[in-house]
Amino acid sequence: MNIGKDTFSGVGREATAYVSENSPGMYAAIKSGLLVVFTGRYENGSADVLDRENSSYYYTAAKISYGKYTSFYIDYSCKKESFAELQDPYIEVIIPDGMELSLEYIELDGEYMPIADGVYDSSEQILRIPVSESEGHISIMLKAEGTGKIATYAALIYEKDGEQFTEVIGTITLEMPSLSMECSDTTTTGELYIQGVTNPLRTVCIYVNDEKADMVKADAAGDYSTTIQLTKKGDNVVKAVLAEDDTVSVTRYVEYEESVLEVTKFMLYYQSGKDNWREQDLLEKTTSGTCGFYQSEL
């Protein structure tokens, strides 16, 4: 079955695509931002130019976190006798949703190469890096600007005998940590209800003024909630931190101000005459501080 580039158009980003490695479906799914599960290798009749044992696509950071810079690396190695027969070979890298190029150049074999017009297609978020050597090392600096699922690939694309071929170098699929927290910014009792969304089944630590107040585990949908008790009057710093990645956090400022009972009226009701009832607010400034009563005949 030939799966084209429009196969996944209109599909929600929460879907998972089961595709064969190096298949048209794989590229279409990754370009659509879907999470990819590989079911086998797709044989497309290419010349098999890549030396796959010495070609890879990877990143070296222990984790990728929001707002952080991460280097992605491409090591490619081709069979020299086959590479000599190729026309216009280039390395294609898709920049995943939620990440952006942080520099205006890439590193190719130790030399800095400006990202010229035609190299980066911002509308499709695709880098196309021309290569003239049969092997090389490419470094790209990306910055995480979002959360959720990330899917990206690097591939060698070339023409041979008038036909275009694509050979995958490597793929990277992962889930970026995400975290939100909602709560009231004031409380008069000290009780504070907190709710938010994170990655499914992750653990969220709640801190108040840098002291741990609670830990709560998100459900399968990523929803979590808890109620904590503030003890410090005045301003409080409430922070939610992802236990599995403490670089991901959300902070809110909450004021704890106890409500004090305020007497706004102090009413005196009295009878003046048989059917004449009167009332007087004793807190009014015009009211005398002393009230006198005397017995009368009704």
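The structure this text deals with has already been given above.
What counts and how
- Residues numbered from 1 in each chain as written.
- Predicted model: local features only at pLDDT ≥ 70, side-chain atom pairs only at ≥ 80, totals over all residues.
- Heavy atoms only, no water.
- Helix = DSSP H or I, 4+ residues; strand = E, 2+ residues; numbered from the N terminus.
- Buried < 20%, exposed > 50% of the residue type's maximum accessible area, 1.4 Å probe, protein only.
- Contact = heavy atoms within 4.5 Å.
- Phe/Tyr/Trp six-rings, centres within 6.5 Å; stacked < 30°, edge-to-face > 60°.
- Salt bridge = Lys/Arg side-chain N within 4 Å of Asp/Glu carboxyl O.
- Core = buried A, V, L, I, M, F, W, Y, C linked by side-chain atoms within 4.5 Å.
- Patch = residues over 30% accessible without salt bridge, like charges linked within 9 Å, V, L, I, M, F, W, Y side chains within 5 Å.
- Areas by Shrake-Rupley, 256 points an atom, 1.4 Å probe, with all protein chains shown as cover.
- Lys, Arg positive; Asp, Glu negative; His and termini not counted.
- Charge placed at Lys NZ, Arg CZ, Asp CG, Glu CD.
- Pairing = 2+ DSSP bridges.

### Section: the overall build of the chain
Step number 1: Helix and strand counts for the chain stand at two helices and 22 strands.
Step number 2: Counting only residues that meet the buried cut, the chain has 39% of its 298 residues in that class.
Step number 3: Long-range pairs, those at least 24 residues apart, make up 59% of the contacts in the chain with a sequence separation of at least 6.

### A few points about the packing of aromatic side chains
Step number 1: Summed over the entire model, instances satisfying the criterion amount to five aromatic pairs.
Step number 2: Arranged with centres 6.2 Å apart and planes meeting at 45 degrees, the rings of Y57 and F72 form a pair that is tilted. Here F72 lies in strand β4 (residues 69-77) and Y57 lies in strand β3 (residues 56-59), a separation of 15 residues in the sequence.
Step number 3: Using a relative accessible area of 7% as the deciding quantity, one classes Y57 as buried.
Step number 4: The rings of Y57, Y59 and F72 are connected pair by pair, giving a single aromatic cluster.

### Some thoughts on the pattern of salt bridges
Step number 1: Throughout the structure, instances matching the rule amount to five salt bridges.
Step number 2: With a closest N to O distance of 3.3 Å, R52 and E167 form a salt bridge. Highlighted residues: R52 in the loop between β2 (35-41) and β3 and E167 in strand β13 (residues 163-176), separated in sequence by 115 residues.
Step number 3: We classify R52 as partly exposed; its relative accessible area is 27%.
Step number 4: Classification of E167 by relative accessible area gives buried; the value is 0%.

### Some remarks on the environment of A243
Step number 1: The topology assignment puts A243 in the loop between β19 (234-242) and β20 (249-256).
Step number 2: Each residue touching A243, except ones within four places of it in the same chain, is listed here: T203 and C205.

### Observations regarding the nonpolar core
A general tendency of soluble globular proteins is for nonpolar side chains to be buried together.
Step number 1: Within the largest apolar cluster, 34 residues are counted, with the highest numbers of intra-cluster contacts made by I74, I91, L127, I138, I140 and L156.
Step number 2: Put simply, the parts of the chain that give this core at least two residues each are β4, β5 (87-94), β6 (99-101), β7 (105-108), β10 (126-130), β11 (135-144), β12 (148-160) and β13.
Step number 3: Ranked by the residues each element gives to this core, the list is headed by β13, at five residues.
Step number 4: Apart from residues no more than four positions distant in its own chain, I138 is found in contact with F72, Y73, I74, Y76, I91, I106, E107, L108 and I129.
Step number 5: In this structure, I206, L242, V250 and Y256 belong to the second largest nonpolar core, which totals 20 residues.

### Structural notes on a negative patch on the surface
Step number 1: A grouping of D109, E111, E133 and E135 is seen on the molecular surface, where their side chains present a negatively charged patch.
Step number 2: By secondary structure assignment, the location of E111 is in strand β8 (residues 111-114).

### Thoughts on the sheet that holds β12
Think of a sheet as strands paired side by side through backbone hydrogen bonds, with each pair either parallel or antiparallel.
Step number 1: The strand order β9-β10-β5-β12-β13 describes an open sheet built from five strands, whose pairing is antiparallel. Of all the strands in the sheet, the pair left with one neighbour each is β9 (120-121) and β13.
Step number 2: By the bridge criterion, 13 bridges tie β12 to β13 in an arrangement that is antiparallel. Bridge pairing in β13 places K149 opposite E175.

### Regarding the sheet that holds strand β17 (residues 211-217)
Step number 1: The strand order across the open sheet built from five strands is β14-β20-β19-β16-β17, with neighbouring strands paired in mixed fashion. Edge strands, defined here as strands with exactly one partner in the open sheet, are β14 (186-187) and β17.
Step number 2: Pairing of β19 with β20 involves eight bridges; the strand directions are antiparallel. Of the residues in β20, the one forming a bridge with V241 is S249.

Keep in mind these numbers describe shape, not what the thing actually does.
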